[in-house]
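Observations on chain architecture
The primary structure of each chain is shown beneath.
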Amino acid sequence: MSLSSRLRKGITRRRVIAGSVVLVLVAGLVGWAVWPSTPGWTATDQRITVRSGPGGDQPVELDTRFYLPRDRSGRVPAVLLAHGFGGTKDSVSDDAQSLAERGYAVLTWTAQGFGRSTGQIHLDSPDYEVKDAQRLLDWLAARPEVRLDAAGDPRVGVVGGSYGGGLALLLAGQDPRVDAIVPSITWNDLTKVFLPQSADPTTATGVFKKGWAGLYFGNGAAVGQSALGGGTGEDAGAGGGAGATDPACGRFAADVCQAYLQLATTGKPDAATLALLRRSSPATVLDKIKAPTLLIQGEVDTLFPLSEADANAKGIAATGTPVRVAWFTGGHDGGAGPQTDQDRVKFLTVQWLDHYVKGEGDAPKNSFTYSRVAGFSALDRGLVTNGYSTDTYPGMTGTGSTQVSLAGSAQPIANPPNGNPGALSSLPGAGGRLSELLGGIAGDIPGQFATFESTPVTSAIEVAGAPTVRLRAASPTGEATVFVKLYDVDESGAETLSAGLVAPVRLTGLPASIDQAHEVTVTLPAIVRRIDSGHTVRVVVATSDQAFLTPAQPTVYTVQVGGAITLPTVVGTPIANPQTIWRYVLAGLLVAIVLGLAVVLLVRRRLRRRRHDEVVAEFAETPLVVRDLRKAYSDGFVAVEEISFTVERGQVVGLLGPNGAGKTTTLRVLMGLTMPTGGDALVFGHRLSPGAPILSRVGALVEGPGFLPHLSGLDNLKAYWRATGRPESDAHFEEALEIAGLGDSVHRKTRKYSHGMRQRLAIAQAMLGLPELLVLDEPTDGLDPPQIAEMRRVLRRYATDGRAVLVSSHLLAEVEQTCTHAVVVNKGRIVASGPVDEIVGESPSVLLDVSDVPAASRVLQGLGVRSVTPDGPSGLIVDVNGTARAEVVASLVRAGVDVDRVVPRRRLEDAFLALVGDNSRGSGDR
Amino acid sequence: MSGSALGYRASATLPVWAEVRRQATRRRTQMALGFMVLLPIIILIAFEFGGGGGDSGDQNGGAFGSLVDLATSGGLNFALFCLAVSAGFLLVVVVALFCGDPVASEASWGSLRYLLAIPVPRVRLLAVKLAVALAYSLLALLILTATALLVGTLRYGWHPLGSTVAAAIPPGPGLLRLLGIVAYLAIIMLVVAGLAFLLSVSTDAALGAVGGAVLLWILSSILDQITALGSIRLGLPTHYSDAWLGLLSTPPQVDDLVKGAIAAICYATLFWSLAFWRFTRKDITS
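By the naming in an unreviewed UniProt entry, chain B is ABC transporter permease, taken from Paractinoplanes globisporus.

The name given to chain A in an unreviewed UniProt entry is Alpha/beta fold hydrolase, and the organism recorded there is Paractinoplanes globisporus. UniProt, in the comment section headed Sequence similarities (unreviewed entry), describes chain A in these words: "Belongs to the ABC transporter superfamily."

Here we take up the overall build of chain B. Helix and strand content of chain B: eleven helices and zero strands. Radius of gyration (C-alpha) of chain B: 21 Å, near the 19 Å computed for a compact globule of 286 residues. A principal-axis box enclosing the C-alpha atoms of chain B has dimensions of 70 × 45 × 30 Å. The buried share among the 286 residues of chain B stands at 56%. Contacts in chain B between residues at least 24 apart in sequence constitute 81% of all its contacts with a sequence separation of at least 6. Carbon and sulfur atoms provide 70% of the accessible area of chain B, an area that totals close to 11400 Å². In chain B, which carries 17 positive and 13 negative side-chain charges, the distance between the mean positions of the two groups comes to 16 Å.

This brings us to the overall build of chain A. Across its full length, chain A holds 23 helices and 40 strands. Oriented by its inertia axes, the alpha-carbon framework of chain A measures out at about 155 × 70 × 50 Å. Within chain A, the proportion of its 926 residues that are buried is 53%. At a minimum sequence separation of 6, the contacts of chain A that also span at least 24 residues come to 76%. With the model as given, the accessible surface of chain A reaches about 39100 Å², and the carbon-plus-sulfur share is 54%.

Residues Asn420(A) and Pro421(A) are joined by a peptide bond in cis, for which omega reads 0°. Along the chain, the position of Pro421(A) falls in the loop between β15 (411–415) and α12 (434–439). At the junction of Ile118(B) and Pro119(B), the peptide bond is cis and its omega measures out at 0° in the coordinates. Although it is not a glycine, Glu703(A) adopts a positive phi angle of roughly 55°. Looking at where Glu703(A) falls in the secondary structure, it is placed in the loop between β32 (698–701) and α15 (713–724). For Glu703(A), a relative accessible area of 39% gives the class partly exposed.

Attention now goes to the UniProt feature "transmembrane region" (unreviewed entry) in chain B. All names here are of chain B. UniProt records the feature "transmembrane region" (unreviewed entry) for residues 31–50, 78–104, 125–154, 174–198, 205–223 and 257–277 in the present numbering. Structurally, residues 125–154 comprises 100% helix and 0% strand, and the distance from its first C-alpha atom to its last is 43 Å. Along residues 257–277 the backbone is 100% helical and 0% strand, and the end-to-end C-alpha distance reaches 29 Å.

Let us look at the UniProt feature "transmembrane region" (unreviewed entry) in chain A. What UniProt calls "transmembrane region" (unreviewed entry) maps, in this numbering, to residues 16–35 and 581–603 of chain A. End-to-end, the C-alpha atoms of residues 581–603 of chain A are 33 Å apart, and along that stretch the chain is 100% helix and 0% strand.

Bringing the state of the cysteines into the picture now. The final tally for this structure, using the stated rule, is one disulfide over all chains. Sulfur-sulfur distance for the disulfide between Cys249(A) and Cys257(A) comes to 1.8 Å. On the S-S bond that ties Cys249(A) to Cys257(A), the torsion sits near -75°, and the link is left-handed. On the accessibility criterion, Cys249(A) (10% relative accessible area) is buried. Residue classification places Cys257(A) among the buried residues on the basis of a relative accessible area of 1%. Residue Cys99(B) stays outside any disulfide, its sulfur separated by 18 Å from that of Cys266(B), the closest cysteine.

Let us now look at the packing of helix α5 (residues 90–100) of chain B against helix α10 (residues 206–225) of chain B. Residues and elements named next belong to chain B. Closest axis-to-axis distance for the α5/α10 pair is 9 Å, and the angle between their directions is 145°. Remark: the crossing between α5 and α10 carries right-handed chirality. Of the residues in α10, those touching α5 at Val-92, Val-93, Ala-96, Leu-97 and Gly-100 are Ala-206, Ala-209, Val-210, Ala-213, Val-214 and Trp-217. The class makeup of the residues in the contact of α5 with α10 is ten nonpolar, one polar and no charged.

Residues and elements named next belong to chain B. Note that Tyr-136 resides in helix α8 (residues 122–156). A C-alpha to C-alpha distance of 9.2 Å links Tyr-136 and Ala-24, two positions 112 residues apart in sequence. In this view, Tyr-136 contacts Val-20, Gln-23, Ala-24, Thr-29, Leu-33 and Phe-98; residues no more than four positions away in its chain are not counted. Within polar-contact distance, the side chain of Tyr-136 engages the backbone oxygen of Val-20 at 2.9 Å. A polar contact of 3.4 Å, which involves the side chain of Tyr-136, links it to the backbone nitrogen of Ala-24.

Attention now goes to the pairing of strand β3 (residues 78–82) of chain A. Residue and element names in this part refer to chain A. Burial analysis of β3 places five of its five residues in the buried class, which makes it a mostly covered element. By the alternation rule, side chains of β3 split into Ala-78, Leu-80 and Ala-82 and Val-79 and Leu-81, which are all buried. Relative to strand β4 (residues 105–109), β3 is paired through four bridges, and the arrangement is parallel. Within β4, the position partnered with Leu-81 by the bridge is Thr-108.

Further remarks concern the confidence of the model for chain B. Residue and element names in this part refer to chain B. Overall, the prediction assigns chain B a mean pLDDT of 87, with 92% of residues at 70 or greater. The lowest-confidence element of chain B is helix α3 (residues 62–70), averaging 62 in pLDDT; the highest-confidence one is α8, averaging 95. Of the regions scoring below 50 in pLDDT, residues 53–61 engages in zero contacts with residues more than four places distant in sequence or in other chains.

As a further point, take the nonpolar core. Grouped burial of nonpolar side chains is what soluble globular proteins tend to show. Ranked by size, the top nonpolar core spans 163 residues in total, and within it Leu624(A), Phe645(A), Leu670(A), Met671(A), Leu806(A), Phe78(B) and Phe279(B) carry the most contacts. Counting residues per element, this core draws most heavily on helix α9 (residues 171–202) of chain B, which supplies 16 residues.

This part is about the interface of chain B and chain A. Contacts between chain B and chain A engage 67 residues on the former and 67 residues on the latter. Of the roughly 5300 Å² buried between chain B and chain A, counting both surfaces, carbon and sulfur atoms make up 60%. Contact with chain A buries area across many residues of chain B, yet Trp109(B), Arg113(B) and Tyr114(B) alone supply 12% of it, more than any other trio. Here chain B and chain A share two salt bridges between them. Note that Arg583(A) and Asp255(B) form a salt bridge whose closest N and O atoms lie 3.4 Å from each other.

Thresholds applied
- Residues numbered from 1 in each chain as written.
- Chains lettered and ligands numbered in written order.
- Predicted model: local features only at pLDDT ≥ 70, side-chain atom pairs only at ≥ 80, totals over all residues.
- Heavy atoms only, no water.
- UniProt positions renumbered as here; feature names shortened; annotations may be inferred.
- Helix = DSSP H or I, 4+ residues; strand = E, 2+ residues; numbered from the N terminus.
- Rg over C-alpha atoms; globule rule 2.2 N^0.38 Å.
- Buried < 20%, exposed > 50% of the residue type's maximum accessible area, 1.4 Å probe, protein only.
- Contact = heavy atoms within 4.5 Å.
- Areas by Shrake-Rupley, 256 points an atom, 1.4 Å probe, with all protein chains shown as cover.
- Lys, Arg positive; Asp, Glu negative; His and termini not counted.
- Charge placed at Lys NZ, Arg CZ, Asp CG, Glu CD.
- Disulfide = S-S within 2.5 Å.
- Axes fitted to C-alpha atoms, helices over the stretch in contact; angles between N-to-C directions.
- Left-handed = near helix turned anticlockwise from the far one by under 90°.
- Nonpolar A, V, L, I, M, F, W, Y, C, P; charged D, E, K, R; others polar.
- Polar contact = N/O pair within 3.5 Å; in protein donor to acceptor, adjacent residues only side chain to side chain.
- Pairing = 2+ DSSP bridges.
- pLDDT = per-residue confidence, 0-100.
- Core = buried A, V, L, I, M, F, W, Y, C linked by side-chain atoms within 4.5 Å.
- Buried area = accessible area lost by both parts, 1.4 Å probe.
- Salt bridge = Lys/Arg side-chain N within 4 Å of Asp/Glu carboxyl O.

Right under this line is the structure:
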């Protein structure tokens, strides 16, 4: 086939259409995926001037953005959405948009002292930031889009994280108009946050958390890239309207700045500092909060640990206000957490607001939810957590507890001068590098820590809450600052400090000798962790931690941890993971596939049986009947126009035609390889179609041999017969091999065979099982003359016993000598057919070479012949119509015409030459 | 009354065992399976000669990097490592070879038309070829795992299955996890099997079918690296191909595995349906 026709065949209209449809579908899908959708909200920026300060007379210009749902009917409830420390209104735009799409009017603003808002940072002071927010409530109440509870009282919830969460709590404690709050990862008491003290009983102030405090302060002073609240301060500082800023304090209010400088210098707060920190702490207003509160706290948070939310929850619930607590794997160290946790927090927030602000949905349950790290995600290397719930909030002490014995004698530990070198437990402000923090970046400095370790635990402990240990310490100076940590140590000795949390302890009035020391209880930070069986629990008491300010004087303490650690446990119910729906999808898919397959198979079997069981009774004993067969290819090429013939038992029928006459296509149809476009072929009355069982009574060689090249000739025949599934005794290998006549070569690989050997093997394969109809395509191709002669005998012998053979050939002599009957085809049509004797027998026409053609023609017409056709300069083809050839010659000679040659013609030759004559170029590949 | 020859039954043609033998005698089958035995041994020798992992400078390996470090910690980890290095390309090639070759090579030898003239019903021919191809693919996977497990255990001992993803898993459950990973890899490879098989019935060139399947798999992997494609990536057949790492954590994370299995089964069903639909309708021209 030529290249151009291949191309033409390749690009049919059907393929073009199918290709176009696929292209359009793909393009549509991609387009649909990336097309920007119209947001369901609108937003307007506005600078709102509010008056705050102790006297309510200091103007502050706040940079605000007000979101409204695009589709709303009537007045909608509002949400005041506050950002984290160092952020701006832009830090919370994603949350604002999603709330607006859920039907809330959302007001976001940049707190004073940040971004483009004016004013100074007062640390959520009730006189400043909280008053600002009250004025924003006034502003909301005046908006025509916002639903009101009463004149001047908007229906509003307050949502915020960290700095914004503190504001939510303080605002709800100061303004009764707030209807619900969702403070997350925020504080209860800043004095406890920055001066944590984990020992009890003691009157000593805590240890200054210098890492976080410095970060906070630096963040506000140089307001730039924020590490808190996860946002970036856009044009931070540039809009500060406070005029020239103090290089030491930046945009901090003077009193806040002073308090920080004082605390960071000495590590011990003075009264003014304490008062300032207390003033900015929700702890002071918890009893006034009447708005239902959803507290969300992070488990990976060394700034505001879980105990802060616990204190808030207890304080608010004490007055009967609905409170719900949720923990997630994240926080100031851990970031937003894994997607499952983000989804859960978002769901809880929306559920809370919908019920308490919008007034939709059932009251949220009182249940407590938390999550625990399960491992890494294989795909995005993020963390994977499992969610759990319990009916009520268990607090810091869990619903149960497990005592684990610790072994270790009193050990001396050295306090390094100025805390250097210092142990590392967390990286304040590194933000979001959850996986590293959970893996533990812990590094204790030799000589600075004491170890108290348990034996491997026999069963897994599901810790959730704050573990406690008993500690005794002695110090020559009477004071000691130590850090108590809980490590989970696996079998290989790798230790993990859960979430990087440590318990700072500062003790005063200590004896110099450990023997006289009193025990104190140290409450470690609350963690959520499963300590697997086989792991050990290790409690480390260290003298330094880079996140805290430790005494500058080098000292050697002696420490002793009591005999056991109490681990609070919670066994929660796993929260149904929404992802489990996919398991049902998978099961459904499998069922659907199996059902679909079963239906297809049943339908096919029924159709097949109906098709193959039909018999045309008239031809039930005829090996082959071909009726009006037509084959047109999809590119329009017609290989077979119309062919009809019959092969009877005992016949060897030759299908004769030039190359491209349509012989092979006809045989392909007979083998069920090609579907005819018209007509049919019947074998013993059964219509042939691909896979028709009747094909088992047909043996075939079509278009050359096809063997597995790596097998020997014999193995090929055996492999072929195995594929028929018929008993080996029916194959008659001996006869077949004899016909193939390959001798010992039958054991060689067919890849090494000559063309003739393969041809003989293929004929032998076609004869395996002695099929009643043998169809051979050019069987003598590649055989030498003695083999051809032998093959003719074989075929003639084969067609006895009621069997029949159909042979195709383009060689006239071949058909003449082999066949009993012949069918001559050309250009897809039958030219002649009948018994070979009849066709090959003498034809009524004679070819004459004469000296004078016109004279001869006249003479011949006088004799009453049927036709006279000139053939070349001296030739005449004469249909003598019964007149004897001798008489014709005699008449011509008598008339004075010389006769050079008299050649009797034969019918088959007539037919064949007639078609070859006008078709010497062939008609393509049929 | 079907008029067929004595002893002929359509459902008995091309017995599965005959096809198994047809493929087993082929050099490429023997080579592929042999290589599955050889690979763990080569890796083992490489570890023996390579000394104690001098490549510690590369910290970007993530969870995979840890598999390298842990590979010599026990037989289970060694087998896991062998699977991990093979999953990305070697297994794809082997599965594409087993599934892309059987129909196309019969077509190129010319023996396909004789099988169909027996007649082996076309659906049966495809079904048997597919089943045997899948069986050989699975066999290759199992041979690789078994050999790695065997030589790894003989050399490094029978120790818990370790990973930096989660705590070490005791040998018993660890073996189950390993088998789970093998099962998941087998399911993921159905996509390659489907694609290769579809190409196999569409072409006479066996190499074209095998190469085409591998090529498309690589293309999908490349597209999956481009995060800008967003959610389109979720629909790529290779998107969940690494999800088996989830089986290393405790408790195992199977959500991505389930999604990967759904995607693989959908793709494989689609490809196979197309293959059957095409093959039962087309003219055999080889």
